[in-house]
Amino acid sequence: MDDPEKGATDFFPMGQEIKGRNLEPANEMKKKDIKRMAYQAVKNSDTDRQDRITYDLGPKLESKTGVSTIRVVTRNGRIRQVYPIEGDAVHKWIQEVGKWKDELESD
């Protein structure tokens, strides 16, 4: 397999259970927190050529949520997707191999 990360799906740690894993946040995280992060990213950043923003949340939010960096995807001036890309509490499911990223790293 060339790049298993290519088919990765990142999840915010909101206490949900996915593929047998409970994704607990450092503190309780809600949808409104994700919206706030997305709007903060849009307000304080410019998009790249693909209408994406990669935004560092800063140490305060990182210690609260376990998420250090998010990606916001916009289209026609609207937020289309928001997902975490880095942080201790960010979990990545690799669809192509049916495993969590940390499981692949420990193989």
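Residues numbered from 1 in each chain as written. Predicted model: local features only at pLDDT ≥ 70, side-chain atom pairs only at ≥ 80, totals over all residues. Heavy atoms only, no water.

Q: Describe unusual backbone geometry, with residues and values.
A: Even without being glycine, Lys19 reaches a positive phi, approximately 50°. One can find Lys19 in the loop between strand S2 (17-18) and strand S3 (21-22). Taking relative accessible area as the criterion, Lys19 reaches 54% and is therefore assigned exposed. The phi dihedral of Asp51 is positive, around 60°, even though this residue is not glycine. Looking at where Asp51 falls in the secondary structure, it is placed in the loop between helix H1 (31-44) and strand S4 (52-56). (Helix = DSSP H or I, 4+ residues; strand = E, 2+ residues; numbered from the N terminus. Buried < 20%, exposed > 50% of the residue type's maximum accessible area, 1.4 Å probe, protein only.)

Q: Residues and numbers for the confidence of the model for the protein chain, please.
A: In this model, the protein chain carries an average pLDDT of 86, and 90% of its residues clear a pLDDT of 70 or more. In the model of the protein chain, strand S1 (residues 8-11) stands out as the element of lowest mean pLDDT, 82, in contrast to S4, which has the highest, 95. (pLDDT = per-residue confidence, 0-100.)

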